[in-house]
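# Breakdown of the fold
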Amino acid sequence: MNQHRLAYVAMGGALALISVASVGFAMSAAPDPVAAPEPAPIESGPPAPPSAIPIPADAVVQGASTAVTKTIKTADDSAPTSARPVRVCDQEAQGWVRSETVRVATKQSALTVQVAAWRAGAAAGAYSDLVEAAQDCGPVYPAENLDQFRTGSTTSDGLWSIGVQRFGDVLVVASASSLNSDPDAVLDKVMKSAKTELPARLSSVCIDPSSTSDKYLAARDPYSPDYNGYQRDVKTSIVSAPVLSKKEIRLVQAESPTATWRGPGGVSYPQWAPLVLPPPGTPISADTSTAPRGAAPVLVDPAKIVGPSSSQPSGALGDEPQLPDFEQKNSVATAPAVDTDGPGCGWSFTATVSPVVTEEEVNQQAQQEILSQLIKDTKKQGQALVETVAWPQERAEWLKAAKIQADWNAYYAAVSNARATTAQAKAAYDTSVAAWQAAAVTGVVPGPPPAPVPAP
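Residues numbered from 1 in each chain as written. Predicted model: local features only at pLDDT ≥ 70, side-chain atom pairs only at ≥ 80, totals over all residues. Heavy atoms only, no water.

With that settled, consider the overall build of the chain. For the chain, the count of helices and strands is seven helices and 13 strands. Across the 456 residues of the chain, 38% fall into the buried class. When contacts within the chain are restricted to residue pairs at least 6 apart in sequence, those whose partners lie at least 24 apart make up 75%. When the accessible area of the chain is evaluated, it comes to approximately 25,600 Å², of which 55% is carbon and sulfur surface. (Helix = DSSP H or I, 4+ residues; strand = E, 2+ residues; numbered from the N terminus. Buried < 20%, exposed > 50% of the residue type's maximum accessible area, 1.4 Å probe, protein only. Contact = heavy atoms within 4.5 Å. Areas by Shrake-Rupley, 256 points an atom, 1.4 Å probe, with all protein chains shown as cover.)

What follows is the structure, given as structure tokens:
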């Protein structure tokens, strides 16, 4: 275990003491002390501060649930209570430091609103837990690019609807139920009111009151199992001069693998000239040697086609070598950084003990990560440069093989075409001879068959 981890374990005890004191203070004002979480025993760490010491989160949470419900016309008034568990579908979100709950009723529905604060960066994980809990009750409808969702269902007890939204390290959980009306109408007003009330309360005490979660949020919480310290993306420019100019690239790519082999030309074959029948009614002799002929076909004898002078390729031609593409202009390293303010609403929001780190050591680790990533990226760049230098020769060799392949492809195509055209010429001649012989049976060229007589 390194020095950072030891420091964070010790700080975990300190935070636990603060949380215990906060819960004890909240329980003293709560009508239902059973709902408060049981404090865990502390084996080590500094003594807890007095429970009455306020924290910035108090100014946000206290009175927030009542303020959010002001837009609802209620049938009765209800005083807010503290230290109530934050639940969705009977599953509790753990780790809150302050919470406040108010329950009110309208003429047709009942409404519960909870506002709770978590330590620096921890509300995002609590929100994820509530999303998972909600899936056990019904379909979950999340908002896009926000930590916000709605769910609801119909049961034997009536209709109910739940809305949850995260504002920095504060969660607002609202639940509305009704026997004979749609509770969504009430919930819509509450969640709309929360979007106005909470950002205003957080504006002066929370570093990041947004409802979006960056990828490093959970990793910045030293009391989370996912802790990895504050990380940030650091860009380092990668400078490289082009190995080949655009003109040189065009010259290499200009030549295409076209065939240079040419087959022999065709010759006339009078013996395959088709017989031509005279007009209908003309006397005709059975001797085909007296028959007039049509144009003689021009054919290429497949046996007389000589292949290319090059050796026939024994294997398949590979793909054309492509010019390496190294477009990366920056090396981006994920490097540790000193977490001065803390994630989410920040360390001071709930008096969270920030990690004790040596800035010099963190900077050294950051430089190591940046250098390590730069080495990886420059190795890629170097490999791309080597491949770029070799590319013109590789393409030239491929081009030579591709031209040989193209010549042999042209040869086989010529042989196939010669065979096909010769077969067609012979078939046409045989057809004309059969037609002549059929006409010679009667001695007169027959006319066209009579047209059918239409039915009366």
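Next comes the rest of the write-up.
Covalently bonding the sulfur atom of one cysteine to the sulfur atom of another cysteine gives a disulfide. Scanning the model with the defined rule gives two disulfides in all. Sulfur-sulfur distance for the disulfide between C89 and C137 comes to 2.1 Å. Placement of the pair is C89 in the loop between β2 (86-88) and β3 (91-93) and C137 in the loop between α4 (123-134) and β6 (140-142), with a sequence separation of 48 residues. On the basis of relative accessibility, which here comes to 19%, the residue C89 falls in the buried class. On the accessibility criterion, C137 (28% relative accessible area) is partly exposed. Between the sulfur atoms of C206 and its disulfide mate C345 the distance is 2.1 Å. Taking the torsion about the S-S bond as the criterion, the C206 to C345 disulfide, at about -85°, is left-handed. Taken as a pair, C206 in the loop between α5 (184-202) and β10 (231-237) and C345 in the loop between β13 (330-336) and α7 (359-440) lie far apart in primary sequence, 139 residues in all. Sequence-ordered numbering of the bonded cysteines in the chain gives a disulfide pattern of 1-2, 3-4. (Disulfide = S-S within 2.5 Å.)

What follows concerns the packing of helix α6 (residues 246-254) against α7. One can describe the packing of α6 onto α7 by two numbers: an axis separation of 10 Å at closest approach and a directional angle of 15°. Taken together, the axis directions place α6 and α7 in an arrangement best described as roughly parallel. By crossing handedness, the relation of α6 to α7 is classed as left-handed. Contact with α6, carried on its side by I249, V252 and Q253, involves W391, P392 and R395 of α7 and no other residues of that element. Here the residues of the contact of α6 with α7 sort into four nonpolar, one polar and one charged. (Axes fitted to C-alpha atoms, helices over the stretch in contact; angles between N-to-C directions. Parallel < 35°, antiparallel > 145°, perpendicular 65-115°, else oblique. Left-handed = near helix turned anticlockwise from the far one by under 90°. Nonpolar A, V, L, I, M, F, W, Y, C, P; charged D, E, K, R; others polar.)

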